[in-house]
Amino acid sequence: MKLGRIRTPWWHRALERLIALFASSAILAVVAIGIFVFREAWPLLVDDDALTDQGGLSSLFRPQLWPGYDEPLHVWQPVGFPGKLDVIPLVVGTLKITGLTMAIAIPLGVGGAVFLSEVAPRRLREWVKPAVELLAAVPSVVVGFFVLAILAGGVQRAFDLTYRLNAFVAAIGLAFAVVPVVLTITEDALRTVPRELVEASLALGARRWQTTLGVTLPAAMPGIAAAVVLGFGRAIGETMIVLMASGNAPVMGLDPTSSARTLTATIAAELGEVTPGSDHWRVLFLLGALLFVVTFALNELGRWVVLRLRRKLRAEDVAPISGTTRRAPAAAEVAP
Amino acid sequence: MRVALVCVIGLFACAGATRRAERNAAHTVTLRGSDTMVVLCQRWAQAFREARPDLSVQVGGGGSGVGIAALLNGTTDLAAASRDVEPSELDGLRERGGAPIVLRVAVDALAVYVHEDNALPSLDVASLRALYRGRATHWSDVGRSDASRVVLYGRENSSGTYVYFKEHVLDRFDFAAETQSLPGTAAVIQAVRHDPKGIGYGGFGFAHGVRLVPIAPTRGEPAVVPDERTAIDGSYPLARFLYLVLSDAPTGATRDLVTWVLSDEGQAEVAGAGFFPLPAEVREAERAKLEASAADPADSIEASAADPADSIEASR
């Protein structure tokens, strides 16, 4: 029995352990961060005396008639007399900026990817794609500074806006970070579409653009969905650009030319000076927990969409066409 | 043998620790409190070290309340405060057995900035409040012919200036939700400089490329141009004193530091931090306060009795 076995050197096993440790450290880090964030927010959810000054946990989400106001409103002014912690303006601000960002980034990212993979000559593609990927590597503080110092003034003059720093300008800045994510993932998805599908379409007499719209894009849908979801996650979690470019005013309402204050920017701006253990401190951690849950859910949603669409594509469309041999994956590997 | 060795090492360790504690007690002064004053305190610390290389000053922020709380706990020698010390805080300090001293050390004035092309002649405090509460939203509401919307610039809520403005200008009401929060006075000035519709507030010393608006205490009264004289004589409505708070009559290095702060060299640092030096008569009054505390024999006895405890705290 022992004769047939090749003895693994001890350091192979040691290395395996080490690599497993590295791999699991990422999971450990995520779990530790989650526990830390939730632990600080937890008393808000379970203690009866949390937020009693403003009417319990539900007061975080409900308009109130604060002293000095004419009507019940959602107000985020945590430092005041009294402090007012209503997170709705921050949620609205986040969704406003993220929505605008996606409205810019999806057409640009998907369109750019279609151009690169379907239309552009190879030489051009080899220049443009690394350039776009380089854009993703620009530190967000640099993007934010560029938007703050140069772009905001230009946009204000071009559209005659009241506010120089506003949700629209912040969304343009965020698009710098999100377009590369959407574009590269979409481009990868388009290029892994089985070649038989494209060739079959062309052989049947479809034009190039008909093939792109009717065959390639639908086939790449799981990848595009993943690109959009990951781009959305990047947009909702991005801090520095919105902190510098959005004006940070906790405005209710969806006017894109007004200012907005996001969850991330609020945490970044306020956590440094808040008394640990106070309601304000716990609410900031609750916002962090909310971001944690949302991005986690988005990732899961993205994965689920990808799996479901891919399975559908394989089982119903690809398998009958390519017959019994199921050569699609191999062809995809050979294609590039 | 081994026991002896341990004893010897222990002895050396003890001696070292005591010596270190003594050195700290004699040569380090801790100063904590107001974030508004952190830059000023750091300038003082640096300049004081040049004047007295044998002494060093440790500066910390956290806010006026934090500084006074630290004074109550005995974890700092001096507290910096950019607001009045509250009676309850003074009572707390007296209960600790000291005779607390509140020294005025500089004058801070909040300026209101607008764009250089903004023709707004002046503002009274009530109009300024209406603007920042969002009750007046257009320039025509505050006496300018221009009908454009006012763009409000302010500070993050972690800033002491934000709280001061909210308390003294807004009468403890909230800022309008549209107020854009910027990370510092320099950012506010930068924003107002490029925005003909903008208005902002912040320290005096930083204002370049913007116009300072004269402020009237109430409607009908003459507006006061913000400058050093009006800030100091109290006619400018948005001026305040900055304070250093002592829990008891100061001794040793602490005494040297506060005396130096009130000297010409100490006051020379004030302007560099964006504040105004004390007027001569206020400076005399504060000096007299210090001397009186030292001359009072009861106080000095108390002070020396409290000294060992202080040195222990300082060495921590």
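Rules used throughout
- Residues numbered from 1 in each chain as written.
- Chains lettered and ligands numbered in written order.
- Predicted model: local features only at pLDDT ≥ 70, side-chain atom pairs only at ≥ 80, totals over all residues.
- Heavy atoms only, no water.
- Buried < 20%, exposed > 50% of the residue type's maximum accessible area, 1.4 Å probe, protein only.
- Helix = DSSP H or I, 4+ residues; strand = E, 2+ residues; numbered from the N terminus.
- Arc of directions from axis to C-beta.
- Contact = heavy atoms within 4.5 Å.
- 1 Å grid on protein atoms, 1.4 Å probe; cavity = no way out; pocket = protein on both sides within 12 Å on 5 of 7 lines; lining within 4 Å.
- Points joined across faces, edges and corners; volume = space filled by probe spheres on them.
- Nonpolar A, V, L, I, M, F, W, Y, C, P; charged D, E, K, R; others polar.
- Patch = residues over 30% accessible without salt bridge, like charges linked within 9 Å, V, L, I, M, F, W, Y side chains within 5 Å.
- Areas by Shrake-Rupley, 256 points an atom, 1.4 Å probe, with all protein chains shown as cover.
- Salt bridge = Lys/Arg side-chain N within 4 Å of Asp/Glu carboxyl O.
- Core = buried A, V, L, I, M, F, W, Y, C linked by side-chain atoms within 4.5 Å.
- Polar contact = N/O pair within 3.5 Å; in protein donor to acceptor, adjacent residues only side chain to side chain.
- pLDDT = per-residue confidence, 0-100.
- Buried area = accessible area lost by both parts, 1.4 Å probe.

Please explain helix α3 (residues 64–73) of chain B as it appears in this structure.
One full turn of an α-helix is made of 3.6 residues, so residues set three or four places apart face in the same direction. Residues and elements named next belong to chain B. Turning to α3, its buried residues are Ser64, Gly67, Ile68, Ala70 and Leu71. In a view along the axis of α3, the buried residues occupy a sector of 155 degrees, so they form one face of it. Where α3 is buried, its residues meet β1 (28–33), β3 (78–81), α4 (87–95) and β11 (239–246). Just beyond α3, the residue with positive phi is Gly74, at close to 75 degrees.

What exactly am I supposed to notice about empty space enclosed by the protein here?
Over the atoms rolls a probe the size of a water molecule, and in doing so it shows where empty space is left. Across all of its chains, the model carries three cavities of 30 Å³ or more by this definition. The space that makes up the largest cavity amounts to roughly 160 Å³. In terms of lining, the largest cavity is formed by 19 residues, of which the most central are A:Gln77, A:Pro250, B:Tyr162, B:Thr179 and B:Ser181. Put simply, the parts of the chain that give the lining of the largest cavity at least two residues each are β1 (76–77) of chain A together with β6 (151–155) and β7 (180–182) of chain B. Along the lines of polarity and charge, the residues of the lining of the largest cavity split into eight nonpolar, seven polar and four charged.

Would you mind showing me how to read a nonpolar patch on the surface here?
Residues and elements named next belong to chain A. On the surface, Trp10, Trp11, Leu15, Leu18, Ile19, Leu21 and Phe22 cluster together to form a nonpolar patch covering roughly 810 Å² of accessible area. Mapped onto the secondary structure, Leu18 falls in helix α1 (residues 10–46). Taking relative accessible area as the criterion, Leu18 reaches 39% and is therefore assigned partly exposed.

Explain the nonpolar core here, please?
Across soluble globular proteins, nonpolar side chains show a tendency to be buried alongside one another. Counting residues in hydrophobic clusters, the biggest one holds 119 residues, and the most contacted among them are B:Trp44, B:Leu123, B:Leu128, B:Tyr132, B:Phe165, B:Ile199 and B:Leu244. No other element matches the twelve residues that helix α5 (residues 167–191) of chain A contributes to this core. If sequence neighbours within four positions are ignored, B:Trp44 has contacts with B:Val105, B:Leu244, B:Trp260, B:Val261, B:Gly266, B:Glu269 and B:Val270. Of all hydrophobic cores here, the second largest spans 21 residues; its members include A:Ala50, A:Leu85, A:Leu263 and A:Trp281.

Help me understand the side chain of B:Ser34, please; the structure alone is not making it clear to me.
All names here are of chain B. Considering the arrangement of structural elements, one finds Ser34 in the loop between β1 and α2 (38–51). One polar contact links the side chain of Ser34 to the main-chain amide nitrogen of Met37, over a distance of 3.2 Å. Not counting residues within four places of it along the chain, the set of residues in contact with Ser34 comprises Gly63, Ser64, Ala80, Ala81 and Ser82.

Sorry, what's going on with the confidence of the model for chain A here?
Where the model shows low pLDDT, its predicted coordinates should not be examined in detail. Residue and element names in this part refer to chain A. Looking at chain A, pLDDT values average 86 and 91% of them are 70 or higher. When the elements of chain A are averaged for pLDDT, helix α12 (residues 328–334) gives the smallest value, 39, and helix α2 (residues 88–119) the largest, 95. Per-residue pLDDT stays below 50 along residues 318–336; that stretch engages in twelve contacts with residues further than four places along the chain or on separate chains.

Sorry if this is basic, but what is going on with unusual backbone geometry here?
It is generally the case that most residues other than glycine have a negative phi and that most peptide bonds are trans. Residue and element names in this part refer to chain A. Pro82 follows Phe81 through a cis peptide bond whose omega is 0 degrees. Tracing the sequence through the fold places Pro82 in the loop between β1 and β2 (84–85). In the Ramachandran plot, Leu51 falls in the positive-phi region, its phi being about 60 degrees despite a non-glycine side chain. With respect to the helices and strands, Leu51 occurs in the loop between α1 and β1.

Got a minute to help me understand the environment of B:Ala136 in this structure?
All names here are of chain B. Among the secondary structure elements, Ala136 is positioned in the loop between α5 (125–133) and β6. In this structure Ala136 comes out as buried when scored by relative accessible area, which is 7%. Sequence separation between Ala136 and Arg149 is 13 residues, and the spatial gap between their C-alpha atoms is 9.4 Å. In this structure, Ala136 is in contact with Ala130, Leu131, Asp141 and Val142, ignoring residues within four places of it in sequence.

Explanation requested: the layout of surface pockets in the structure shown.
Looking at the largest pocket, its volume works out to about 1,400 Å³. Forming the walls of the largest pocket are 45 residues, and the residues nearest its centre are A:Val79, A:Phe81, B:Arg83, B:Val163 and B:Glu167. Those elements that provide at least two residues to the lining of the largest pocket are α11 (279–322) of chain A together with α3, α6 (160–168) and β11 of chain B. For the lining of the largest pocket, the per-class residue count stands at 16 nonpolar, 19 polar and ten charged.

Which parts of the structure should I look at to understand the pattern of salt bridges?
Between side chains of opposite charge, pairing is possible as soon as their charged atoms come close. Scanning the model with the defined rule gives 29 salt bridges over all chains in all. For A:Lys129, the salt bridge goes to A:Asp188, with nearest N and O atoms at 2.9 Å. One end of the pair, A:Lys129, is in helix α3 (residues 122–137); the other, A:Asp188, is in helix α5, with 59 residues separating them in the sequence. A salt bridge links B:Lys289 to B:Glu286; the nearest nitrogen and oxygen atoms lie 3.0 Å apart. Taken together, the residues B:Lys289 and B:Glu286, both in helix α11 (residues 280–295) and three residues apart, mark about one turn of the helix. In the salt-bridge network here, residues are joined through shared partners; they are A:Lys129, A:Glu187, A:Asp188 and A:Arg191.

I'm lost on the interface of chain B and chain A in this one. Help?
Accessible area lost upon the coming together of the parts serves often as the stated size of an interface. Taken together, the contact pairs 25 residues of chain B with 27 residues of chain A. At the boundary of chain B with chain A, total buried surface from both sides reaches about 2,200 Å², with 46% on carbon and sulfur atoms. Looking at the side of chain B facing chain A, the largest losses of area belong to B:Asn157, B:Asp174 and B:Gln180, adding up to 25% of the total buried there. Taken together, the connections running from chain B to chain A amount to three salt bridges. For A:Asp70, the salt bridge identified is with B:Arg135, shortest N-O distance 3.8 Å. Linking chain B to chain A there are 14 residue pairs in polar contact (both at pLDDT 80 or more). Those elements that place two or more of their residues in the side of chain B that touches chain A are β6, α6 and β7 of chain B. Split into classes, the residues belonging to the side of chain B that touches chain A amount to nine nonpolar, five polar and eleven charged.

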